[in-house]
Each structure stands twice: as C-alpha cells, then as structure tokens.
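Residue-level listing of the chains:
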Amino acid sequence: MTHVAAAPSSTLRRAFPFLDWFPVSGVVLRGDLIAGITGALVLVPKAMAYAQLSGLPVHYGLYVAFVPAILGALWGSSRQLATGPVAIISLMTAAALTPLAVPFSDHYVELALLLTLMVGLIQFALGAFKLGVIVNFVSHPVILGFMNAAAIIIALSQLDMLLGIPKGRSDSFLADVWGMLLHLPHTSWPTLAMAVFAFALMVGLKRIRPLAKLSVLVAVVVTIVVSHVAGYQRVVEVGVEQIRDGDTRALVLAHAETERAVRELNAEIADVTAQLRQTRRRDVRTAATLRHRLHLAQLDAEGMAAANKRLLRDLQLLRFERADDGALHLRGKVPAGVATDGRTWKLRKLAEGAGTFASGGEVVGAIPRGLPELRVPTVTLDAVMSLLSAAFVIALVGFMESIAMAKAMAANTKQRIDPNQELIGQGMANLGGSFFQSYPACGSFTGSAINLAAGATTGLAMVFNGLFVVATLLLLTPLLYALPKATLGVIILLAVTTLLTPKALLQTWRASRADGIVAAVTFAVTLLMAPHLDRGILIGAALAILLYLHRTMRPRVAELGRHADGTLRDVKVHPNLPTSRNVIALRFDDALYFANAVHFEEAVLDALSAKPDAKYVLVVASGINHMDATGEEIVRHLVERLRASGVTMVFCGLKKQLRDVMQRTGLDRLIGDDHVFPDEQRALSAIYERLGPQGRGELLPRTGGAT
C-alpha cells in the first residue's frame, strides 16, 4: 500500500512558505547548488563594495549576504529572488546615517543595526496586514527620477576611492564633491592607476563570453595579487614627535586635544541625560535647567566634532616624505643631506595624537574571521525618531526593487507572486539581519538574474549561496587583506550604470507632461538635497499625488453630438457635429467624488445656461467608476433643482457600483426608474418620444451605427 504525504495546510504554508519547495528531486537540488555557488562567486566582491558604499567596514557586506539572503528566500514568495546588499539601499543607508554619526565608527554601526530593525518591522507589518498596495502611492515617475539621481550620487560618492582624495562629509553632498574636485592636484597616482587597471580588466573580461559572468571575481583576484606583489599599500604608525614640521605637529596635538574634549562632553551628555530622566516628573525647574545644559553640551560637542573633521581632512591633504630614521617631513622640505625612502606618505587616521600614515593606495585590510555574533540593536527614542522617515522610505524602495524583479522573473517561470508574502519575506530578512550585524537588504537585480540564468528552481539556491558566504567568512578572509579599495569603487561604478535610464525619463515625458515634471522634480530634489535622499522621494511622491488630485479635480466633461458613423462624440473635438436645443448629452470621464463633484455641477449648469430651452439633460455615466457621498449629494441637488425649473435629468450606462450607492441612499427613487437606461441610444429614443413634436431627433443615429 502506497502512502502519500499530506500537503501542508494553507495556514502552515503561509507561516512557512518554504514547505512548498519539498519534496526536492536530486536534479533540482543539484541545479540549486550550482546556481547558489555561481551567484555567490559574483556576490562576495560586490557585497564588500556595497558595504564600503554604505559607510561600513567591508565585512558587513558579507554579513548582509548571509542571514538576510537565507531568511528572504525562506519566507519570500519568489523562488529565484536573491536578497542581499544592493547599491541603492547601501547609498540610502549611508545617507540616513552620515548626518548622525561618523562612518565606520561604533556609533555608526549601532545606528545601522537599528535602521535595519526598523526597516524589517515596517516591511513585516505591511505584509502581515496585507498593506502591500501602499507602495502604489510611490508612482513609477517618482522611482524613475529617484533611481537616476541616486545612480549619479553613487558614482560621485566613489570618486574619493578612485582618486585617493579625502572627501568631506557635510549636509551638502554636491558641495563635498566640489570641495574634493578642487584638490585634484592631490590625486594619489597609485590609486588612480589601480582604478584604471581594474576598470579595464572588468570591461575587457566582460567581452570574453566564458569569463563574462565571473569578470568581477577574476578582477578582484588579479588586483589582490598585483597589490600584494607590488606593495600597493604600506602603513606605518608615527608618533607626533616624529613629525618634524612644527605647524603640522601643533595641528595634530590640537586634534587630539579636541578629541579628548568631545569625549568629555559626550560623557557629560550621558550623565545629564540620566539625571534628566530621573528628575523630569519630580522637579520641573531642575529638569528645565538640565535640558538647557544638555542642549549647550550637545551644541558644543557637535561643533567641536565638525571642526575636528575639517581639521583631519586638511591634514590628510598634506603629503610627507619619510627619512631613514622614521621622521616625517613635509614633501619638498626635507633638510639637505637627509636620506628618504623615496615614497610619498599621507595621513590615514589619527588616534590619541598618534598617526597612521600610508604610502601608495588603500586596501581593505584585516577582515574579522568568523560568523557575525548575535547582537541586539540598541534602541533609543531619539535614534528611532531621527531614522523613522529614512526607514520608511528604505522599506518602500527596497520592497519595490524586490517585487519588480520577482514579477519580471515570474513572467519566465510562470510562478504566482504574492506581494504581501514578499513583504513578509523582506521584513524577516531585515529583522533577522539586524540581530546579526547586517544593514538593510533587498532583492538584487543582478543576483536574481544570475540565480535564474544558472538554473535555480527553489529558494534552496539562496540557502547554498548564504552557506558559501559562510565559508568565505570562516576560511577566505585573510586572502582579501590586500584587496584595493579602488577595485571596490570600480565594481560599484560599473554596477550603477544599469540605474541610469535617460530613455525611460524621455519616454515618461512623452507619455505625460505631468509625470515628466514629477520625475524631473524628484531627480533634481534628490540630487540637490543629498545626503538626505528620503526627502527627494517623499517630495516626489507628494507632488505626484497633488498633480493627480489636480487632474481629477477638473476632469473632462464632454458635450456630445452625433457623428456620421453613428457614435456620440465630443463637440469640442468635432465642432461641426449636430446637437439639440432640447436635449443636452454630457459624458463625465472620471470618478465622481469630493474633489470634482462641484466641477460636474458647474459643467451641467454651464451647459444649461448655453441652451436655456433644453428640457432634458442626459448624463452618459459609462466613464464614472465610483461615486462618494459628496458626489451623491451633488447629483441629488441637481436632480431636485433642475426638476423644479422644468428640466429632467436622465442617466444611462450606470455601472453596478453606482447603482448600489443610489439604491442605498434612495437616489434611484428620486431619479425614477423611467429615467435610467442601459445605454445612450435607448435613453435618447425615450427622450425624443416624450418630447413629441418638439424633438427633432438630432442626437439619434442616422445610420444605425453602434453607440
């Protein structure tokens, strides 16, 4: 007797959608394994590059490619969608966090984990409550303008990695880029040379068909070897006493002193905050004093930290020569007779008055070996409020990228995609990732395309992908020490070219001027307000909604005349069509709701004032899909008002949803069943029959054509 395993119930499948993958045949398992490894080979170097873009150490990109990738596959709807780090979300993460903390710092990492938690909670909640339709409020032109601006910002953000020039971080991204370009003479030639070499290597390998998919991986391996053999980066620790230039030494000491002062202020801020929490309810006057003291301390700390950042950047622009005894002299100011190593050195970072100086380019350095530790995100009210708008925008943009790719692949695989389940999957990916040191993740276009092309059938491909990343974290991180950061910059630069879609922008303008304006405004605002990217998409979405409301406030109301082909047409488009002085036929082409109900009323009254002898107004309602309470009230008043003046309103082509509203409110009884018809031909025939000798039948079809 054969026993057949019972299929999981619908409730169980919704809770654990990955149960639908099973049972898995050997052929499917082998295909998923190959797809997972193929995708991981491409993903690993890109993950590190995207982490650099997000302002986090490169190994955080590998963390995002591990836990979120597996959770997104297990709980998502698409079986081929690859969840992980992507360029646009990495940039938005940096944009959200940079105003609040110094990139690569511990505080920055804490905020990144909190942001991931918030994004995951928003996505999970939207999916659980089946609110996936909320993304429809962010229109395609908004996303189009945002993506193109973001692509330019991403490309410009990599210039410091490609040129080796330090870039400031202020409230204006474009001003920072311009300030960096003013220092082009300080370009690091080894860095630029490595960037050009990596670019040529990747572009060249893409033209070799067998190596095209692995071009990034091959370029990474080659540049690591070149970097190691050529001594691409050399680093030395130098005490302040070894800096021979007196002015430079004074600036280094001033930086160290300011750092100590900022630490003391931060300790004071923490202490005052604790006191304020204890006294807020008991002593209002003391609480007010503490708030004032806290505000002053915060202003002082922010001002001193900003000044120190500017000072550090100025010091990083200086170039030094290193004597054989280890002393550093400003380039061109080495005393006669002092031998140097022949290399140019620059300051990389300062800590406690000691400096890390580097010669040549910059490499990723030591990557922590092992898996990410379980770490609960630090949640504070101030941080949550500061990140809320950015988290909401990242959640929506991440989901829109994910669902767009999932639907595109479903067209090939014939799989049914559930947007709400995909939201839950993305939410689970980010929720789980936030506890394992991940920044926000979403569906990757490149990773998903590789997954599909490599033969992935189930989400097990992404599980194998994540396991390969685990192997990288456990075994391969020492081999990545000499990876040039310029190579990662080139990877990002080439990746964002797919986000630039000028043809799509032009097509949007041709299709609709209003949508073209929305896309252009979103593009400009996103670019000008960077690093505050969330403002660009929020302003674009608000503008799109306002333009939609404006458009629907005055929809088309066409007075109709009979065309030679037997149909009723707009007399404004065809001015020579015959009309009737006794009958006015109007067609309203939109939903009848609060924003345009008065416009409908004005159109009816204007038509009557132009034809004072009219006895009937026929409303062709085939274009009305919805009527709210305001629309119903306007129609009711019109029927009563016109009837009192001897004019009868007649309706035809009413859809079911309108008839339902009329029945619930009693409007159908006021109008009368004898004044409601299924189509305009029957309505006009009845009207002219009632008019008798007065009606000449101008609006009746002469040829018997369809209406």
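That block above? That's the structure.
About the thresholds
Residues numbered from 1 in each chain as written. Predicted model: local features only at pLDDT ≥ 70, side-chain atom pairs only at ≥ 80, totals over all residues. Heavy atoms only, no water. Pairing = 2+ DSSP bridges. Helix = DSSP H or I, 4+ residues; strand = E, 2+ residues; numbered from the N terminus. Axes fitted to C-alpha atoms, helices over the stretch in contact; angles between N-to-C directions. Buried < 20%, exposed > 50% of the residue type's maximum accessible area, 1.4 Å probe, protein only. Contact = heavy atoms within 4.5 Å. Right-handed = clockwise from strand over helix to strand, strands pointing away. Phe/Tyr/Trp six-rings, centres within 6.5 Å; stacked < 30°, edge-to-face > 60°. Core = buried A, V, L, I, M, F, W, Y, C linked by side-chain atoms within 4.5 Å. Expected span 1.5 Å × (residues − 1). Parallel < 35°, antiparallel > 145°, perpendicular 65-115°, else oblique. Left-handed = near helix turned anticlockwise from the far one by under 90°. Nonpolar A, V, L, I, M, F, W, Y, C, P; charged D, E, K, R; others polar.

Colleague: What should I look at first to understand the sheet that holds strand E4 (residues 328-330) in this one?
Modeller: Reading across the sheet, the five strands line up as E2-E6-E5-E3-E4 and stay open at both edges, with antiparallel pairing between neighbours. Taken across any chain shown, the strands that pair with only one partner, and hence form the sheet edges, are strand E2 (233-238) and E4. Across the sheet, the mean angle separating the axes of adjacent strands is 40° when strand polarity is ignored. Two strands pair when backbone bridges link them, and strand E3 (residues 320-323) and strand E5 (residues 340-351) are joined in this way by three bridges, in the antiparallel orientation.

Colleague: Sorry, what's going on with the environment of Ala69 here?
Modeller: Tracing the backbone through its elements, the reader meets Ala69 in helix H4 (residues 67-75). Assessed through its relative accessible area of 1%, Ala69 is described here as buried. Separated by 426 residues in the primary sequence, Ala69 and Ala495 place their C-alpha atoms 19 Å from one another. Leaving out residues up to four positions away in the same chain, Ala69 has contacts with Val64, Thr83 and Met462.

Colleague: Would you mind going over the sheet that holds strand E8 (residues 557-562) with me for this structure?
Modeller: Adjacent strands of a sheet form backbone hydrogen bonds with each other and so pair up, either parallel or antiparallel. Overall, mixed pairing links the six strands, which are arranged E9-E8-E10-E11-E12-E13 in an open sheet. Both outer strands of the open sheet, strand E9 (568-570) and strand E13 (676-677), are each paired with one neighbouring strand and no more. Looking at chain direction, E8 and strand E10 (residues 583-588) are connected through three bridges and run antiparallel. Looking at the pairing, Glu559 lines up with Leu586 of E10. Across the sheet, helix H22 (residues 597-610) is in contact with E8, E10 and strand E11 (616-620); its angle to E10 comes to roughly 155°.

Colleague: Honestly, the pairing of E11 in this entry has me stumped. Any pointers?
Modeller: Where a strand is regular, its side chains alternate between the two sheet faces. Within E11, five of the five residues are buried, which leaves it mostly tucked inside the rest of the structure. In this structure, E10 lies alongside E11, joined through five bridges in parallel fashion. Within E11, the residue paired with Ala585 across the bridge is Leu618. With respect to chirality, the unit in which E10 leads through H22 into the neighbouring parallel E11 is right-handed. At this point the chain moves from E11, through helix H23 (residues 629-644), to the parallel strand E12 (residues 648-652), and the crossover so formed is right-handed.

Colleague: Mind showing me how you'd approach the side chain of Lys485 here?
Modeller: Note on placement: Lys485 falls in helix H18 (residues 485-495). Leave out the neighbours within four places in its chain, and Lys485 touches Gln52, Met161, Glu362, Val363 and Val364.

Colleague: For this particular structure, what's the right way to read the packing of aromatic side chains?
Modeller: Between two aromatic rings, the relevant description is the distance of the centres plus the angle of the planes. Under the definition given, this model contains nine aromatic pairs. Ring geometry for Tyr60 against Tyr63: centres 5.4 Å apart, planes inclined by 70°, an arrangement best described as edge-to-face. A residue pair is termed a helical-turn pair when its members lie 3 or 4 positions apart in one helix, as Tyr60 and Tyr63 do in helix H3 (residues 59-64) at three residues. This pair shows no difference in class: Tyr60 is buried, exactly as Tyr63 is. Ring centres of Tyr593 and Phe594 lie 5.0 Å apart, and the angle between their planes is 80°; on these two criteria the pair is classed as edge-to-face. Residue classification places Tyr593 among the buried residues on the basis of a relative accessible area of 11%. Given the relative accessible area of 57%, Phe594 is considered exposed.

Colleague: Explain the nonpolar core here, please?
Modeller: The nonpolar side chains of a soluble globular protein tend to be buried with one another. Ranked by size, the top nonpolar core spans 121 residues in total, and within it Met48, Met92 and Val397 carry the most contacts. The greatest single-element share of this core, amounting to 14 residues, is contributed by helix H14 (residues 381-413). Met48 has contacts with Val58, Leu62, Ile367, Leu480, Leu483 and Leu488, leaving out every residue within four places of it along the chain. By size, the runner-up hydrophobic cluster in this structure holds 32 residues, among which are Val617, Leu638, Val661 and Val676.

Colleague: In this structure, what is going on with H22? I would like to understand it.
Modeller: Every α-helix carries 3.6 residues per turn, so stepping three or four residues along brings you back to the same face. With 14 residues, H22 should cover 20 Å at 1.5 Å per step; its first-to-last C-alpha distance of 20 Å lies within 8% of that length. Turning to H22, its buried residues number three or more, namely Ala597, His599, Phe600, Glu601, Ala603, Val604, Ala607 and Leu608. In the core, the buried residues of H22 are packed alongside helix H21 (533-553), E8, E10, E11 and H23.

Colleague: Sorry if this is basic, but what is going on with the pairing of strand E6 (residues 354-360) here?
Modeller: Burial of E6 is extensive: six of the seven residues sit out of reach of the surface. Alignment of E2 against E6, held across six bridges, turns out to be antiparallel. By the bridge assignment, Arg234 is partnered in E6 with Ser359. Direction of pairing for E5 relative to E6: antiparallel, over a ladder of six bridges.

Colleague: Would you mind showing me how to read the side chain of Glu632 here?
Modeller: Here Glu632 lies in helix H23. Judged by its relative accessible area of 7%, Glu632 falls in the buried class. In contact with Glu632, not counting residues within four places along its chain, are Met627, Val661, Thr665 and Leu667.

Colleague: How do you make sense of the packing of helix H12 (residues 246-279) against helix H13 (residues 284-316) when you look at a structure like this?
Modeller: Angle between the axes and distance between the axes are the two parameters that describe a pair of packed helices. Where H12 contacts H13, the two axes come as close as 8 Å, and the packing angle between them is 155°. As judged from the angle between their axes, H12 and H13 are roughly antiparallel. Judged by the twist between their axes, the crossing of H12 over H13 is left-handed. Split into classes, the residues belonging to the contact of H12 with H13 amount to 18 nonpolar, nine polar and five charged.

Colleague: Any chance you could explain unusual backbone geometry here in plain terms?
Modeller: Note: most peptide bonds trans; most residues except glycine with negative phi. Of note, the bond from Phe22 into Pro23 is cis; its omega dihedral lies within 30 degrees of zero at 0°. Of note, Pro23 is situated in the loop between helix H1 (10-15) and helix H2 (26-54). Following Ala530, the chain continues into Pro531 via a peptide bond in cis, with omega recorded as 15°. Relative to the assigned elements, Pro531 resides in the loop between helix H20 (513-529) and H21.

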